[in-house]
Amino acid sequence: QVQLVESGGGLVQAGGSLRLSCAASGSIFRLISMGWYRQAPGKQRELVARITSSGNTQYADSVKGRFTISRDNTKNTVYLQMNSLKPEDTTVYYCNIRAGLVATDYWGQGTQVTVSS
């Protein structure tokens, strides 16, 4: 069973920075990607950024140039460095791992990011 533990959320002023971390434990077979999603109340969960097993990255248009995803394979940890934060970035962020012969999504519990104006 894969478990994901997130940390790093919090309250920051607009223009500030936060770094989210997600540590994975358990048996991860055939990693496909690691990533971050976010979900505002009443809206669908959306991709923020992800990094594939080969190191390719993908970002939502709204965060390009501001957020950077990275990972430490030795620690099974994925990071999201968020700079130039805006109030519209306020929501809950979820860590995701996609793995397996039949792609299976594993989710963290979510961490709140609040950006004040």
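Above: the structure in question.
Residues numbered from 1 in each chain as written. Predicted model: local features only at pLDDT ≥ 70, side-chain atom pairs only at ≥ 80, totals over all residues. Heavy atoms only, no water.

**Some details on the overall build of the protein**
Within the protein one finds 0 helices and 11 strands. Moving toward the C terminus, one meets the helices and strands of the protein in the order β-β-β-β-β-β-β-β-β-β-β. In terms of overall dimensions, the protein is globule-like: its C-alpha atoms have a radius of gyration of 14 Å, near the 13 Å expected for 117 residues. With the principal axes as the frame, the protein shows a C-alpha extent of 45 × 25 × 25 Å. Within the protein, the proportion of its 117 residues that are buried is 38%. Counted over contacts in the protein with a minimum sequence separation of 6, partners at least 24 positions apart contribute 54%. Carbon and sulfur atoms form 46% of the exposed surface of the protein, whose accessible area is close to 6,300 Å². If the 12 positive side-chain charges of the protein are averaged to one point and the 7 negative ones to another, these points end up 4 Å apart. (Helix = DSSP H or I, 4+ residues; strand = E, 2+ residues; numbered from the N terminus. Rg over C-alpha atoms; globule rule 2.2 N^0.38 Å. Buried < 20%, exposed > 50% of the residue type's maximum accessible area, 1.4 Å probe, protein only. Contact = heavy atoms within 4.5 Å. Areas by Shrake-Rupley, 256 points an atom, 1.4 Å probe, with all protein chains shown as cover. Lys, Arg positive; Asp, Glu negative; His and termini not counted. Charge placed at Lys NZ, Arg CZ, Asp CG, Glu CD.)

**Some thoughts on the side chain of R38**
Residue placement: R38 occurs in strand β4 (residues 31-39). Take R38: its relative accessible area is 6%, and that puts it in the buried class. Side chain to side chain, R38 and D89 meet in a polar contact 3.0 Å long. At 2.9 Å, the side chain of R38 forms a polar contact with the side chain of Y93. Leave out the neighbours within four places in its chain, and R38 touches Q44, R45, E46, V48, S62, V63, F67, D89, T91, V92 and Y93. (Polar contact = N/O pair within 3.5 Å; in protein donor to acceptor, adjacent residues only side chain to side chain.)

**Re the nonpolar core**
Core analysis: the largest hydrophobic core is formed by 26 residues, its most contacted members being W36, V48, F67, V78, L80, M82 and Y93. Going through the elements one at a time, β3 (18-25), β4, β5 (46-52), β7 (67-72), β8 (77-82), β9 (91-99) and β11 (111-116) are the ones with two or more residues in this core. Apart from the residues within four sequence positions on either side, F67 is in contact with R38, V48, Y59, L80, Q81, M82, N83, L85, D89 and Y93. (Core = buried A, V, L, I, M, F, W, Y, C linked by side-chain atoms within 4.5 Å.)

**Quick look at the pairing of strand β10 (residues 104-107)**
Both β9 and β10 contribute to a ladder of 4 bridges, which runs antiparallel. Bridge pairing links I97 to Y106 in β10. (Pairing = 2+ DSSP bridges.)

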